[in-house]
Amino acid sequence: MILDIINKKANNYELTKEELETIFMGYLNDEVKDYQMSAFLMAVCINDMSDSEVFALTDIFIRSGDILDLNFIDGVKVDKHSTGGVGDKTTLIIAPLVASLGVPVIKMSGRGLGYTGGTIDKLESILGFRTALSLEEIKKQASDIGIVVTSQTKDLAPLDKKVYALRDVTATTNSIPLIASSIMSKKIAGGADKIVIDIKVGDGALVNTEEDAKRLESLLIKIGSYYQKEVRTVISNMDRPLGNSVGNRLEVLEAIDVLKGNGKGELLDLSLTLASKMVSMGKGISEEEALNLVKENLNNGKALNKFLEFVKYQGGEIEKLEIDSKVYNIKANKSGILKNIDALGVAKLSLSLGAGRTNKDDDIDYNAGVVIRKEIGDEINEGDILASLYTNIEDPKFNLEKVFEIS
Ligand code: URA
């Protein structure tokens, strides 16, 4: 039976919901083995899925675990998701920004695997910050301060979690239907009313072409309307890192700087865009009106105050946020214009400094990472500092090949 289902997908036939249920629920219950699911996932990568297969798979993921009911919180609950990018600390900026405008943000986030840390790793770089909240704690915090960021409970879409871990080690992560069902199942099981999704496209992203980003966008919106959940999307560039810092505590520091009103460039622009979409959906106003409100709260300190309140509520000691590591300044070996900063190169560099994990049980050095000191388009003189590298690794070896392109 399982072999028939794998064969059917390998020969590019559409599967029924019952067949998808048999193989996926069988996998959750350990009746279907890793090697069988790997073969099936690869067949999906090659032969794709129809819309009805994607809807069925999303439903199977959702029903594999708990579905959170956030109706105890007044107001429209808007969630945000990013398909993952290098230096992406937007959640740290927009969650308090949106909450400071009275739109509740109850967000379940993940740890990073691959090159850089996830939002939960970044928050855990703040001493004392608690990320494993119980449902009771979530409820109390949401009604007290209107913002919660916690790790995904193990009971939320557990099948997606198991399948995602297998995809990660079988080169089956970048299938558009698998990405769409994975993201949407978690957001819907997490109880969101409306969802904003940042689709990253570029060398440092899961989605590498504009065409794939458009296909993903359309699928996410279709799944949303299937569940009567409004989905809005942003397609943003991930050829270069977002902002100047990559590495957990360094990224928290950069996010605080943006919340202090010192943001600039793509990081500020994307944060404003995402936040105004969320506020527009939460308050039922236009994105232009929402943008004005968002800018106001970024400049009058209310977003920063909400961030500080949120960190304190979850036990974080923000005053102890210092980088404790050796610093190595990287200097330009020639003069010219800085043409590119390669996102994937910076991510690998940051991982080699200790900021990410290659295995899910690896320890992270929260102090480690990269701060880029120049902007693309800057005129560079030989000897100028391009980046500062933070690490506690003894006698580190840096691979800077292709990270900075000067010509
Ligand atoms: N983010 C997810 O949650 N799932 C994917 O498959 C890709 C990005």
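Scroll up to find the structure.
Notes on the structure in this doc start here. Fair warning: this is a prediction, and the values are worked out from it, not measured in the lab.

Quick notes on the nonpolar core
And then number 1: Ranked by internal contacts, the top residues of the largest apolar core, which has 67 residues, are Phe 310, Val 370 and Phe 404.
And then number 2: Considering each element in turn, this core owes the most residues, 9 residues, to helix H12 (residues 265–283).
And then number 3: Composition of this core by domain shows at least three residues from each of domain 2 (78–319) and domain 3 (324–406).
And then number 4: Setting aside anything within four residues of it in sequence, one finds Phe 404 in contact with Leu 338, Asn 340, Ile 341, Ile 372, Leu 386 and Ala 387.
And then number 5: By size, the runner-up hydrophobic cluster in this structure holds 55 residues, among which are Val 163, Ile 183, Val 201 and Leu 216.

Quick word on the sheet that holds strand S6 (residues 245–246)
And then number 1: Ordered in space as S6-S9-S11-S7, the 4 strands form an open sheet in which the pairing is antiparallel. Because the sheet does not close on itself, it has two edges, and the strands there are S6 and strand S7 (326–331).
And then number 2: In the sheet, S7 pairs with strand S11 (residues 385–391) via 6 bridges, with the strands oriented antiparallel. By the bridge assignment for S11, Lys 326 is matched with Thr 391.
And then number 3: Strand contacts of helix H15 (residues 343–352): S6, strand S9 (369–372) and S11, with the helix running at about 135° to S9, the strand carrying the most contacts.

A word on unusual backbone geometry
And then number 1: Non-glycine residue Ala 171 carries a positive phi angle of around 55°.
And then number 2: One non-glycine residue with positive phi stands out, namely Gln 228, at about 55°.
And then number 3: Within the secondary structure, Gln 228 is located in the loop between helix H10 (210–226) and strand S5 (230–237).

Comments concerning the site of the ligand
And then number 1: Close to the ligand lie His 81, Tyr 164, Arg 167, Ile 179, Ser 182, Ile 183, Lys 186 and Leu 206, which account for all nearby residues.
And then number 2: Between the ligand and Ser 182 there is a distance of 2.6 Å, counted from a nitrogen atom to a side-chain nitrogen or oxygen.
And then number 3: A distance of 2.4 Å is found between an oxygen atom of the ligand and a side-chain nitrogen or oxygen belonging to Lys 186.
And then number 4: Starting from 240 Å² of accessible surface for the ligand in isolation, the protein chains cover 93%.
And then number 5: Put simply, the parts of the chain that give the shell around the ligand at least two residues each are helix H8 (158–168) and helix H9 (176–189).
And then number 6: Tallying contributions element by element places H9 first for the shell around the ligand, with 4 residues.
And then number 7: By residue class, the composition of the shell around the ligand is 4 nonpolar, 2 polar and 2 charged.

Here we look at the pattern of salt bridges
And then number 1: Going through the model one piece at a time under the given rule, you end up with 30 salt bridges.
And then number 2: Between Lys 77 and Asp 193 there is a salt bridge whose closest N-O contact spans 3.7 Å. Of this pair, Lys 77 sits in the loop between helix H4 (51–63) and strand S1 (78–82) while Asp 193 sits in the loop between H9 and strand S4 (194–201), and the two are 116 residues apart along the sequence.
And then number 3: For Lys 306, the salt bridge goes to Glu 309, with nearest N and O atoms at 3.1 Å. Note that Lys 306 and Glu 309 are positioned in helix H14 (residues 302–313) at a spacing of 3 residues, about one turn of the helix.
And then number 4: Overall, Lys 306 belongs to the buried group, its relative accessible area being 13%.
And then number 5: A relative accessible area of 35% places Glu 309 in the partly exposed class.

Section: the packing of H4 against H9
And then number 1: It is the contact of H4 with H9, at a shortest axis distance of 8 Å, that shows an interaxial angle of 40°. Judged by the angle between their axes, H4 and H9 are oblique. Where H4 crosses over H9, the handedness of that crossing is right-handed. From H4, Val 54, Leu 57, Thr 58, Phe 61 and Ile 62 reach across to H9, where they touch Pro 177, Leu 178, Ser 181, Ser 182, Met 184, Ser 185, Ile 188 and Ala 189.
And then number 2: In terms of residue class, the contact of H4 with H9 is built from 9 nonpolar, 4 polar and no charged.

A closer look at the side chain of Lys 186
And then number 1: Relative to the assigned elements, Lys 186 resides in helix H9.
And then number 2: Look past the residues within four positions of Lys 186 in its chain and what remains in contact with it is Gln 152, Leu 156, Ala 157 and Asp 160.

A short note on the side chain of Lys 77
And then number 1: When its relative accessible area of 6% is taken as the criterion, Lys 77 is described as buried.
And then number 2: There is a polar contact of 2.8 Å between the side chain of Lys 77 and the backbone oxygen of Ile 73.
And then number 3: When residues no more than four places from it in sequence are discounted, the contact partners of Lys 77 are Leu 70, Asn 71, Pro 104, Ile 106, Ala 192, Asp 193 and Lys 194.

Quick look at the packing of H4 against H10
And then number 1: Across the interface, H4 lies against H10 with an axial gap of 11 Å and an inter-helix angle of 60°. Regarding the angle of H4 to H10, the classification is oblique. Here H4 and H10 pass one another in a crossing that is right-handed. When H4 is examined against H10, the residues Asp 51, Val 54, Phe 55 and Thr 58 are found in contact with a partner set consisting of Leu 219, Lys 222, Ile 223 and Tyr 226.

Analysis parameters
The residue count restarts for each chain, going from 1 along the sequence in the order it is written. Only residues with pLDDT of at least 70 are given local features in this predicted model, and only at 80 or more are side-chain atom pairs given and counted; all residues enter the totals for whole chains, interfaces and linings. Water and hydrogen atoms play no part in the side-chain values, which are based on all heavy atoms of the structure. Residue types Ala, Val, Leu, Ile, Met, Phe, Trp, Tyr and Cys, when buried and joined through side-chain atoms within 4.5 Å, form a set referred to as a nonpolar core. For every residue, the accessible area obtained with a 1.4 Å probe (protein chains only) is divided by the maximum for its type, and the residue is called buried under 20%, exposed over 50%, and partly exposed between those limits. A run of DSSP states H or I qualifies as a helix once it reaches four residues; a run of E qualifies as a strand once it reaches two. Both are numbered from the N-terminal end. Where a domain begins and ends is set by an automatic assignment or by a domain database. Only heavy atoms matter for contacts: two residues are in contact if any of them lie within 4.5 Å across the pair. For two strands to be treated as a pair, DSSP must find at least two bridges joining them. Every axis corresponds to a line fitted to the C-alpha atoms, with the helix fit spanning only the stretch in contact, and the corresponding angles, defined between N-to-C directions, vary from 0 to 180 degrees. Any residue with at least one heavy atom within 4 Å of a molecule or strand is counted as near it. We define a polar contact as two N or O atoms separated by no more than 3.5 Å, with the added condition that, inside protein, one atom must be a possible hydrogen donor and the other a possible acceptor, whereas residues neighbouring each other in sequence contribute only through side-chain atom pairs. Here the Shrake-Rupley method, with its probe set to 1.4 Å, supplies the accessible areas, and only the displayed protein chains count as covering residues. Residue type decides the class: Asp, Glu, Lys and Arg count as charged, Ala, Val, Leu, Ile, Met, Phe, Trp, Tyr, Cys and Pro as nonpolar, and the leftover types, Gly among them, as polar. Should a side-chain nitrogen of Lys or Arg be within 4 Å of a carboxyl oxygen of Asp or Glu, the pair is scored as a salt bridge. Oblique is the label for every angle not falling under 35 degrees (roughly parallel), over 145 degrees (roughly antiparallel), or within 65 to 115 degrees (roughly perpendicular). Handedness of a crossing is defined here by the sense of rotation of the near helix relative to the far one, left-handed for an anticlockwise turn of less than a right angle and right-handed for a clockwise turn.

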